[in-house]
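Structure at a glance
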Amino acid sequence: MKVLRVEPAVPETEKKECLDKKNSKCSIFLIYVRGKRKMSDKIQNGIYLDNAATTRMAEEVEEAMEPYMREKFGNASTGYRYGEEAKDAIEEVRARIAASLDAKPGEIYFTSGGSESDNWAIKGVAGARKDRGRHIITSRIEHHAVLNSCEYMERLGYEVSYLNVDETGMVSVEELAGLMREDTTLVSVMFGNNEIGTIEPIGQIGHLAREAGVVFHTDAVQAYAQMPISVHQYPIDLLSASAHKFHGPKGVGFLYVREGIELPSFIHGGAQERGKRAGTENVPGIVGMGKAVELAFSDLRVRMRRETMLRNYLMEKIRHEIPQVRINGHSTKRLPGNVSVSFRNVEGASLLILLDEDGICASGGSACNTGESRISYVIEALGVPEEYAKGTVRLTLCGNTTRADVDAAVESLKRNVSLLREE
Ligand SMILES: *Cc1c(COP(=O)(O)O)cnc(C)c1O
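Residues numbered from 1 in each chain as written. Predicted model: local features only at pLDDT ≥ 70, side-chain atom pairs only at ≥ 80, totals over all residues. Heavy atoms only, no water.

**Overview of the packing of aromatic side chains**
- As enumerated under the stated definition, the model contains 5 aromatic pairs in all.
- Residues Tyr109 and Trp120 carry aromatic rings whose centres are separated by 5.6 Å and whose planes lie at 75° to one another, so their mutual orientation is edge-to-face. Residue Tyr109 is found in strand β4 (residues 108-111), and its partner Trp120 is found in helix α5 (residues 114-128); the two are separated by 11 residues along the sequence.
- Tyr109 sits in the buried class, given a relative accessible area of 10%.
- On the basis of an interplanar angle of 50° and a centroid distance of 5.5 Å, the ring pair of Tyr224 and Phe297 is categorised as tilted. Here Tyr224, found in the loop between β8 (215-219) and β9 (238-242), pairs with Phe297, found in helix α9 (residues 283-298); they are 73 residues apart in sequence, far enough to count as distant.
- Residue class for Tyr224 comes out buried when judged on its relative accessible area of 1%.
- For Phe297, a relative accessible area of 25% puts it in the partly exposed group. (Phe/Tyr/Trp six-rings, centres within 6.5 Å; stacked < 30°, edge-to-face > 60°. Helix = DSSP H or I, 4+ residues; strand = E, 2+ residues; numbered from the N terminus. Buried < 20%, exposed > 50% of the residue type's maximum accessible area, 1.4 Å probe, protein only.)

The structure is reproduced here in structure tokens:
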């Protein structure tokens, strides 16, 4: 098995020599130079398969935002026309988002994105309900925004129980029922996992929580705008989402909070967001998110079906053309665009370098984990054998991904996996 590392210090002339150098029997350490490429050009010409990390902003989104960065610059909290215009624009987005979830506009709070929404939901709900109890339940495979918020609550004296997952990444509703206690105040389980794509049994979890009088939060950053979600249908009390995961701008998102759920202010200051989240509204960001929501929901079901088919095609092609692979996550209860695959006896980080060389952007797990060759905690929680786990890559599609992109990605995977497996 070969291991590659990026060594920016090696001059271009030495590159080839280093690439060919074999310096040990079992592990060949290749040194490779990453030139000063313009990444944006590369992504334009290459194949972007890391849509779970972030998406390219839609052109229509940029166009919708532009006036609010120029002539419509008013502060939404002022009374004159410029302000009114901004205020109207953000209220229109609030109503649009509410409609997309079967919620009420008053239940939508704008935030700076998924991380803030998760932090607010967990710290806010647990804090507000501390007199009832200090027990939180979450899962082992949550995003760090949830896990680290829970860890913070532990340091404040709260107790956190972590749900295990089966080999497909699914939590067990029975285990959850067993963990529920008198003093449990909050359950936080993600809608769809960012690394392996598994969709959790949100309806059942919500019903269980509701019967027990426990508040239920779900991190739906990967699922919102990728599949239909109704807070009318699902007993979800709080839901986090982020615009840059569905072709909107970065640094803006929202938290849905069901009417009647007690949630204290997270950012103290002015009276924005009904006194719950101070700070001058990010008007261009909110308007951009609104446009992204409009675009995403205009063809949601068609896009979902198409993306799911392309995803299944990619999974099948990998299984068919490359030996000794494991597809991680659930086979059907899965985000439309997610493929997580582990190659036996391949180092994931090295494979990503070679994919990048072919113009293919993929990632090792969550974006936060790349650069480390540690096995991801999500993959570990599935119980994937180590010789597979260390060779895990995630390919995530979007509505613009084509069959030709997928074919090229599999070609590159096939060639590079075989190269890295060579003795
Ligand atoms: C990206 C992501 C987040 C963080 O959202 P940001 O808007 O980048 O802060 C949280 N949870 C999940 C599941 C994500 O994929």
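Right, picking up where we left off after that structure.
**Some remarks on a negative patch on the surface**
- Together, Glu71, Glu84, Glu85, Asp88 and Glu92 line one region of the surface with negative charge.
- Looking at the element boundaries, Glu85 is found in helix α4 (residues 81-101).
- On the basis of relative accessibility, which here comes to 32%, the residue Glu85 falls in the partly exposed class. (Patch = residues over 30% accessible without salt bridge, like charges linked within 9 Å, V, L, I, M, F, W, Y side chains within 5 Å. Areas by Shrake-Rupley, 256 points an atom, 1.4 Å probe, with all protein chains shown as cover. Salt bridge = Lys/Arg side-chain N within 4 Å of Asp/Glu carboxyl O. Lys, Arg positive; Asp, Glu negative; His and termini not counted. Charge placed at Lys NZ, Arg CZ, Asp CG, Glu CD.)

**Overview of the sheet that holds β9**
- The strand order across the open sheet formed by 7 strands is β4-β10-β9-β8-β7-β5-β6, and the pairing between neighbours is mixed. The open sheet has two edge strands with one neighbour each: β4 and β6 (159-163). Between one strand axis and the next, the sheet turns through 20° on average, direction left out of account.
- This element, α5, spans β4, β5 (135-139), β7 (184-188), β8, β9 and β10 (253-257) of the sheet and lies at about 160° to β9. (Pairing = 2+ DSSP bridges. Axes fitted to C-alpha atoms, helices over the stretch in contact; angles between N-to-C directions. Contact = heavy atoms within 4.5 Å.)

**Considerations on the nonpolar core**
- Counting residues in each nonpolar core, the largest one holds 64 residues, and the members touching the most others are Tyr224 and Phe254.
- Two domains each provide a minimum of three residues to this core, namely domain 1 (3-57 + 300-421) and domain 2 (72-298).
- Sequence-distant contacts of Phe254, defined by excluding residues within four places in its chain, comprise Ile97, Leu101, Ile108, Tyr109, Phe110, Thr111, Ser117, Tyr224, Leu239, Ser240, Ala241 and Met289. (Core = buried A, V, L, I, M, F, W, Y, C linked by side-chain atoms within 4.5 Å. Domains from an automatic or database assignment.)

**A few points about helix α6 (residues 144-155)**
- Helix length check: α6 (12 residues) gives 16 Å between terminal C-alpha atoms against 16 Å at 1.5 Å per residue, within 8%.
- Looking at α6, one finds that the buried residues are Ala145, Val146, Leu147, Ser149, Cys150 and Met153.
- Its buried side turned inward, α6 meets α5, β5, β6, β7, β8 and α12 (377-381).
- After α6 finishes, the residue Gly157 shows a positive phi value of roughly 105°. (Expected span 1.5 Å × (residues − 1).)

**What about the pairing of β4?**
- Neither face of β4 is open: one carries Ile108 and Phe110, the other Tyr109 and Thr111, and all of them are buried.
- Examined bridge by bridge, β4 and β10 share 4 bridges and lie antiparallel to one another. For Phe110, the partnering residue across the bridge sits in β10 and is Phe254.

**Concerning the environment of Val215**
- Structurally, Val215 can be placed in strand β8.
- Judged by its relative accessible area of 6%, Val215 falls in the buried class.
- Once the C-alpha coordinates of Val215 and Arg258 are considered, the two residues, 43 residues apart in sequence, prove to be 9.9 Å apart.
- Filtering out sequence-adjacent residues up to four positions away, Val215 remains in contact with Val125, Arg129, Thr185, Leu186, Val187, Asp237, Leu238 and Ile261.

**Focus: the side chain of Thr138**
- Inspection of the secondary structure assignment puts Thr138 in strand β5.
- Judged by its relative accessible area of 0%, Thr138 falls in the buried class.
- Of note is the side chain of Thr138, whose polar atom sits 2.8 Å from the backbone oxygen of Ser188. (Polar contact = N/O pair within 3.5 Å; in protein donor to acceptor, adjacent residues only side chain to side chain.)

**Quick look at the confidence of the model for the protein**
- Scored by pLDDT, the protein has a mean of 91; 89% of the residues are at 70 or more.
- Here residues 20-28 is a poorly scored stretch, pLDDT under 50, and it has 14 contacts once near neighbours within four places are set aside; other chains count.
- Throughout residues 367-372 the model reports pLDDT below 50, and contacts reaching past four residues in sequence, or to other chains, amount to 9 contacts. (pLDDT = per-residue confidence, 0-100.)

**Describing a nonpolar patch on the surface**
- On the surface, a nonpolar cluster with roughly 370 Å² of combined accessible area is contributed by Phe73, Tyr80 and Tyr82.
- With respect to the helices, strands and loops of the structure, Tyr82 is situated in helix α4.

**Side note on the site of the ligand**
- Taken together, 13 residues form the shell around the ligand, and within it Ser115, Asp219, Gln222, Ser242 and Lys245 come nearest.
- In the environment of the ligand, an oxygen atom lies 2.7 Å from a nitrogen or oxygen atom belonging to the side chain of Ser115.
- Measuring from an oxygen atom of the ligand, one finds a side-chain N or O atom of Gln222 at 2.6 Å.
- Bound to the protein, the ligand loses 87% of the 380 Å² it would expose on its own.
- In terms of residue class, the shell around the ligand is made up of 2 nonpolar, 8 polar and 3 charged. (Near = heavy atom within 4 Å. Nonpolar A, V, L, I, M, F, W, Y, C, P; charged D, E, K, R; others polar.)

**A few points about the pattern of salt bridges**
- What the rule picks out here adds up to 21 salt bridges.
- In this structure, the salt-bridge partner of Arg277 is Glu116, at a minimum N-O distance of 2.7 Å. Of this pair, Arg277 sits in the loop between β10 and α9 while Glu116 sits in helix α5; the two residues are 161 residues apart in sequence, bridging distant segments of the chain. This pair shows no difference in class: Arg277 is buried, exactly as Glu116 is.
- Through salt bridges that share partners, Lys87, Glu91, Arg94 and Glu273 make up one connected network.

**Remarks on the sheet that holds strand β14 (residues 392-396)**
- If you walk across this open sheet you meet the 3 strands as β11-β12-β14, and the pairing is antiparallel. Pairing within the sheet leaves two strands with one partner each, and these edge strands are β11 (325-328) and β14. On average, each strand axis in the sheet is inclined to that of its neighbour by 25°, with strand direction left out of account.
- Where strand β12 (residues 338-343) lies against β14, 5 bridges are found, and the strand directions are antiparallel. Paired with Val339 across the strands is Leu395, a residue of β14.
- Sitting on the sheet, helix α10 (residues 300-321) touches β11, β12 and β14, and the angle it makes with β12 is about 10°.

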